[in-house]
Amino acid sequence: MVERETWISRAGFIFAAVGSAVGLGNIWRFPWLTAQNGGSAFLLVYLIIVLGVGVPGLLASFVIGRRSKRNPVGAFKSLGGGRVWTALGGLCVVTSIVLISFYTVVGGWILRYLLESFTGAYFTQPAAHFDSIAFGTQAFFYQVVFLLVTVVVVMAGVRKGIEATTKLMTPAIILLLGGLAVWAFYQPDTASGYEFYLAFDVQYLADNFIAVLGAAAGQALFTLSIGSGTMLTYASYLEEDRSLPADGSIIALLNLGVGVLAGLVVFPLLFSFVGEPTGGGTGALFVSIAGAFATLPGGRLIGGLFFFTILLAALSSSISMLEIPVAYLVDEFDYDRPQATGGLFALVLGAGAINAFDSNVFEIVAGPIVNQLLTLGLIGFMLYTAWILGDEAVEEFTKGGGTIARTVGVPWRYTVGTILPLFLLFSFYTNVISLLG
Ligand code: PHE
Ligand code: NA
């Protein structure tokens, strides 16, 4: 058996994890959620949710991963606790396939829009253009290309594939977004864009508090990639000398920063060149924003840069999704990595095609199904950490850390064992209710 890989450097792990976290969730979903839920007042609530629920959850994932040095299934099997927990690992493998199957559809759209920014194909009628390409054979074609790129990276391994590419991609995403935000700032009539995004609306928050909490929690899980097994798997390639709480906090804050930054690109641009957008959702990215590139001077170049940035963000996330089942096949069945990745390519192609051809399936998968899978997964990770690993989890949490890590270790254990799963259960429940209408 080949020796299991590890990250070359601490920065390598952080870039890979931030790359996983930073994705479509930050660039489109997050700014919208903020604008619609009270602007900067929402940011405050969201920050509390990220620090209070997201980071502890991220750390539960990290603890299980580094303690076991295995994929999700192998992790629960080797750390013990019985079959129910091994099944939770199995759920992660399922979740990862579900995630990639819809995410690569969007990845395909982005790839297409990147190319079309240079030809101007979506410029004349953004809405009609998007409708005509979003689902069907062409969507599938671009999905396959996007998936192929993901496969090539994962096939190359943890160090030569994932670490080597995300070490470039993640800083590039941040720099490009920063550059675009500065550029947007100098465009005419942007004030109402910033206003729409960040105006401090406490009244809205007060009136819709429960709904806002649920939305913030769902977003925190998706954007931090937790509850899926991705962060667990990435942490399984970590060595003992890193402090999990330190790395986890850096990752969560960088991810939040990128979300805020994305809003500073999107809204000034929209208000400056298109006017008030009519709705959120992934489609709007390809309609409203694409419409802005059609009117603004130098739109082809700026549009190209914009979609290139999102493409990097989406790729580094889909890479992290695919690594879950690959690690599973490699750890548990001794497949070699290229074999495992190739086999999964075929499987994901099938699952992905259903999403690329059927918009109804896509909507349900991308929304409620993913939300609920992540929530369930994370509830499981938290309970497992606190009640099956217990002291062992606290030890792993504290390892490599300083006074702060030692002080918060025990409180962290009991919070992830009690209040947080209850909170998630509650948001899961409200989710189901809203699903039933
Ligand atoms: N965090 C990614 C995003 O915001 C999505 C993701 C979810 C990636 C779960 C991996 C696992 O786009
Ligand atoms: Na990403």
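Heads up: the structure comes first, above all this text.
Residues numbered from 1 in each chain as written. Chains lettered and ligands numbered in written order. Predicted model: local features only at pLDDT ≥ 70, side-chain atom pairs only at ≥ 80, totals over all residues. Heavy atoms only, no water.

**Section: the overall build of the protein chain**
Then comes step 1: For the protein chain, the helix and strand inventory stands at 20 helices and zero strands.
Then comes step 2: Here the C-alpha atoms of the protein chain give a radius of gyration of 21 Å, agreeing with the 22 Å that 2.2 N^0.38 yields for 437 residues.
Then comes step 3: Across its three principal directions, the C-alpha atoms of the protein chain cover 60 × 50 × 45 Å.
Then comes step 4: For the protein chain, the computed accessible surface area is about 16,500 Å², with 68% contributed by carbon and sulfur atoms.
Then comes step 5: Once the 19 positive and 25 negative side-chain charges of the protein chain are each reduced to a mean point, those two points are 9 Å apart. (Helix = DSSP H or I, 4+ residues; strand = E, 2+ residues; numbered from the N terminus. Rg over C-alpha atoms; globule rule 2.2 N^0.38 Å. Areas by Shrake-Rupley, 256 points an atom, 1.4 Å probe, with all protein chains shown as cover. Lys, Arg positive; Asp, Glu negative; His and termini not counted. Charge placed at Lys NZ, Arg CZ, Asp CG, Glu CD.)

**Points about the site of ligand 1**
Then comes step 1: The full set close to ligand 1 counts 16 residues, and Ala 21, Leu 24, Tyr 103, Phe 222 and Ser 225 are the nearest of them.
Then comes step 2: Taking Ser 20, its main chain carries an N or O atom lying 3.2 Å from a nitrogen atom of ligand 1.
Then comes step 3: Within the side chain of Tyr 103, a nitrogen or oxygen atom sits 2.6 Å from an oxygen atom of ligand 1.
Then comes step 4: With the chains in place, 100% of the 330 Å² that ligand 1 exposes on its own is no longer accessible.
Then comes step 5: If you list the elements that add at least two residues to the shell around ligand 1, you get helix 1 (10-21), helix 2 (24-36), helix 5 (83-119), helix 11 (209-223) and helix 15 (299-333).
Then comes step 6: Residues belonging to the shell around ligand 1 are distributed by class as follows: six nonpolar, 10 polar and no charged. (Near = heavy atom within 4 Å. Polar contact = N/O pair within 3.5 Å; in protein donor to acceptor, adjacent residues only side chain to side chain. Nonpolar A, V, L, I, M, F, W, Y, C, P; charged D, E, K, R; others polar.)

**What to know about the environment of Ile 97**
Then comes step 1: Its location among the elements puts Ile 97 in helix 5.
Then comes step 2: In the structure, Ile 97 is positioned 134 residues away from Met 231 in sequence and 15 Å away in space, judged by C-alpha atoms.
Then comes step 3: Filtering out sequence-adjacent residues up to four positions away, Ile 97 remains in contact with Pro 325, Leu 344, Leu 347, Val 348 and Ala 351. (Contact = heavy atoms within 4.5 Å.)

**Some points on the packing of helix 3 (residues 40-68) against helix 17 (residues 359-389)**
Then comes step 1: With their axes 9 Å apart at the nearest point, helix 3 and helix 17 run at an angle of 65° to one another. Along this stretch, helix 3 crosses helix 17, giving a crossing that reads as left-handed. On helix 17, the residues that touch Val 53, Gly 57, Ala 60, Ser 61, Val 63 and Ile 64 of helix 3 are Leu 378, Phe 381, Met 382, Tyr 384, Thr 385 and Leu 389.
Then comes step 2: By residue class, the composition of the contact of helix 3 with helix 17 is nine nonpolar, three polar and no charged. (Axes fitted to C-alpha atoms, helices over the stretch in contact; angles between N-to-C directions. Left-handed = near helix turned anticlockwise from the far one by under 90°.)

**As for the packing of aromatic side chains**
Then comes step 1: According to the stated counting rule, one finds 40 aromatic pairs in the structure shown.
Then comes step 2: Look at Trp 32 and Phe 196: their rings are 6.0 Å apart centre to centre, the planes differ by 80°, and that puts the pair in the edge-to-face class. With a gap of 164 residues between them, Trp 32 in helix 2 and Phe 196 in helix 9 (residues 191-198) connect regions that are remote in the sequence.
Then comes step 3: Among the residues examined, Trp 32 registers a relative accessible area of 5% and is labelled buried.
Then comes step 4: Of the residues examined, Phe 196 reaches a relative accessible area of 21% and is grouped as partly exposed.
Then comes step 5: Here the aromatic rings of Phe 185 and Tyr 186 are separated by 5.2 Å at their centres, their planes lie at 90°, and the arrangement is edge-to-face. Both residues of the pair, Phe 185 and Tyr 186, belong to the exposed class.
Then comes step 6: Above the plane of the ring of Phe 222 lies Arg 29, whose end atom (NZ or CZ) is 5.1 Å from the centre. (Phe/Tyr/Trp six-rings, centres within 6.5 Å; stacked < 30°, edge-to-face > 60°. Buried < 20%, exposed > 50% of the residue type's maximum accessible area, 1.4 Å probe, protein only. Lys NZ or Arg CZ within 6 Å of the ring centre and 35° of its normal.)

**A word on the coordination of the sodium ion (ligand 2)**
Then comes step 1: Every protein donor of the sodium ion (ligand 2) is accounted for by Gly 19 (O), Val 22 (O), Ala 313 (O), Ser 316 (OG), Ser 317 (N) and Ser 317 (OG), and the metal-donor separations fall at 2.0 to 3.1 Å.
Then comes step 2: Here the sodium ion (ligand 2) is ringed by six donor atoms whose angles at the metal span 62 to 161°, and the overall shape comes out irregular.
Then comes step 3: Read N to C, the donor residues that coordinate the sodium ion (ligand 2) are spaced as G-x2-V-x290-A-x2-S-S. In this pair, Gly 19 sits in helix 1 while Ser 317 sits in helix 15, placing the two residues 298 residues apart along the sequence. For the pair shown, Gly 19 and Ser 317 are each scored as buried. (Donors = N, O, S within 2.8 Å, 3.2 Å for Na, K, Ca; no water. Tetrahedral: all angles 85-135°; square planar, octahedral: opposite > 155°, others 65-115°.)

**Focus: a nonpolar patch on the surface**
Then comes step 1: Judged by side-chain polarity, Trp 387, Ile 388, Val 410 and Tyr 414 come together as a nonpolar surface patch covering roughly 370 Å² of accessible area.
Then comes step 2: For the nonpolar patch, the secondary-structure elements that each account for two or more residues are helix 17 and helix 19 (403-417).
Then comes step 3: Residue position: Ile 388 is located in helix 17. (Patch = residues over 30% accessible without salt bridge, like charges linked within 9 Å, V, L, I, M, F, W, Y side chains within 5 Å. Salt bridge = Lys/Arg side-chain N within 4 Å of Asp/Glu carboxyl O.)

**Topic: the nonpolar core**
Then comes step 1: Ranked by size, the top nonpolar core spans 147 residues in total, and within it Trp 109, Phe 293, Phe 306 and Phe 307 carry the most contacts.
Then comes step 2: Here this core gets 16 residues from one element, more than from any other, and that element is helix 5. (Core = buried A, V, L, I, M, F, W, Y, C linked by side-chain atoms within 4.5 Å.)

**A closer look at the pattern of salt bridges**
Where charged atoms from two side chains of opposite charge come close, those side chains can pair.
Then comes step 1: Within the structure shown, the criterion is met by 14 salt bridges.
Then comes step 2: For Glu 323, the salt bridge identified is with Arg 337, shortest N-O distance 2.9 Å. With Glu 323 in helix 15 and Arg 337 in helix 16 (residues 337-357), this pair connects stretches of sequence that are 14 residues apart.
Then comes step 3: What makes Arg 337 buried here is its relative accessible area of 13%.
Then comes step 4: A salt bridge links Asp 391 to Arg 413; its shortest N-O distance comes to 3.3 Å. Here Asp 391 is found in helix 18 (residues 391-398), whereas its partner Arg 413 is found in helix 19, with 22 residues between them in sequence.
Then comes step 5: A single network of salt bridges, built from pairs that share partners, joins Arg 66, Arg 67, Lys 69, Glu 240, Glu 392, Glu 395, Glu 396 and Lys 399.

**Describing the packing of helix 17 against helix 19**
Then comes step 1: Contact geometry for helix 17 and helix 19: axes closest at 8 Å, N-to-C directions at 130°. Put simply, helix 17 runs oblique to helix 19. Where helix 17 crosses over helix 19, the two elements pack in a sense that is left-handed. Of the residues in helix 19, those touching helix 17 at Met 382, Leu 383, Thr 385, Ala 386 and Trp 387 are Trp 412, Arg 413, Tyr 414, Val 416 and Gly 417.
Then comes step 2: The class makeup of the residues in the contact of helix 17 with helix 19 is seven nonpolar, two polar and one charged. (Parallel < 35°, antiparallel > 145°, perpendicular 65-115°, else oblique.)

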